[in-house]
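Residue-level structural notes
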Amino acid sequence: MGDAERVEPMGRVHAVLANTVGAVLLAGGATGAVLFTVGAATGAETTVDAVVFGAVALFAALVGWVGLGTLIHNRDVRAATRRLAATGVDAAAEVIGIGPEEVTPDGLSTQHELLLRLTGPGFAPFEARTTEPDDRFPGLVVGSRLAAVVDPEHREFSLHRGDPLC
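This section reports on the structure supplied with the text. (Residues numbered from 1 in each chain as written. Predicted model: local features only at pLDDT ≥ 70, side-chain atom pairs only at ≥ 80, totals over all residues. Heavy atoms only, no water.)

Quick look at the overall build of the chain
Helix and strand counts for the chain come out as two helices and seven strands. Radius of gyration (C-alpha) of the chain: 22 Å, far over the 15 Å computed for a compact globule of 166 residues. Dimensions of the chain, computed from C-alpha atoms along their principal axes, come out at roughly 70 × 35 × 30 Å. When each of the 166 residues of the chain is scored for burial, the buried share is 32%. In the chain, which carries 12 positive and 20 negative side-chain charges, the distance between the mean positions of the two groups comes to 9 Å. (Helix = DSSP H or I, 4+ residues; strand = E, 2+ residues; numbered from the N terminus. Rg over C-alpha atoms; globule rule 2.2 N^0.38 Å. Buried < 20%, exposed > 50% of the residue type's maximum accessible area, 1.4 Å probe, protein only. Lys, Arg positive; Asp, Glu negative; His and termini not counted. Charge placed at Lys NZ, Arg CZ, Asp CG, Glu CD.)

As structure tokens, then:
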């Protein structure tokens, strides 16, 4: 089996909102790309106009590509969420290692890489790495235990929000 993969569960409302954003990006980007490509080919009076239309068409195509990627990502996360709900078993995730503190990409908070040992009924214990914002599970130290749900067949897991188990 492959490496364990963390699933951040996505509920129905979140999925609808995220898919709406993805669909708007895809539709808007694709429409813009087509319109500006046609404009570059037929409506440009100068070479500069054609280049500008072409650049805008490429940007619009990129926006559409991001929208498509958003839809595909949301589909995969929602499927994993449903799989965890259907076949997941309650488990415990023991913190066996904590990496150095890092600033999150947005620069607004800090996070740590965690090395976890997941144990529970019906599957052999396994280790997994995940990155957690410090404010999600404050006060974690090596030996802390968190509640988890594990899909043993796909080696997917999610960590429960709330207080760590002691």
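Observations concerning a nonpolar patch on the surface
On the surface, F59, L62, W65, V66, L68 and I72 cluster together to form a nonpolar patch covering roughly 620 Å² of accessible area. Counting through the fold element by element, F59 comes out in helix α2 (residues 47-87). (Patch = residues over 30% accessible without salt bridge, like charges linked within 9 Å, V, L, I, M, F, W, Y side chains within 5 Å. Areas by Shrake-Rupley, 256 points an atom, 1.4 Å probe, with all protein chains shown as cover. Salt bridge = Lys/Arg side-chain N within 4 Å of Asp/Glu carboxyl O.)

A closer look at the packing of helix α1 (residues 12-43) against α2
Here α1 crosses α2 at 155 degrees, and the two axes come no closer than 7 Å. In terms of axis orientation, α1 runs roughly antiparallel to α2. Where α1 crosses over α2, the two elements pack in a sense that is left-handed. The residue inventory of the contact of α1 with α2, partitioned by class, reads 19 nonpolar, 11 polar and two charged. (Axes fitted to C-alpha atoms, helices over the stretch in contact; angles between N-to-C directions. Parallel < 35°, antiparallel > 145°, perpendicular 65-115°, else oblique. Left-handed = near helix turned anticlockwise from the far one by under 90°. Nonpolar A, V, L, I, M, F, W, Y, C, P; charged D, E, K, R; others polar.)

Quick word on the pattern of salt bridges
Tallying each qualifying case throughout the model produces 10 salt bridges. One salt bridge connects E127 with R117, and the closest N-O pair in it is separated by 3.7 Å. Taken together, the positions of E127 in strand β5 (residues 123-133) and R117 in strand β4 (residues 110-120) put the pair 10 residues apart, joining distant regions of the chain. Its relative accessible area of 31% is what places R117 among the partly exposed residues. Here R136 makes a salt bridge to E132, at a shortest N to O gap of 3.5 Å.

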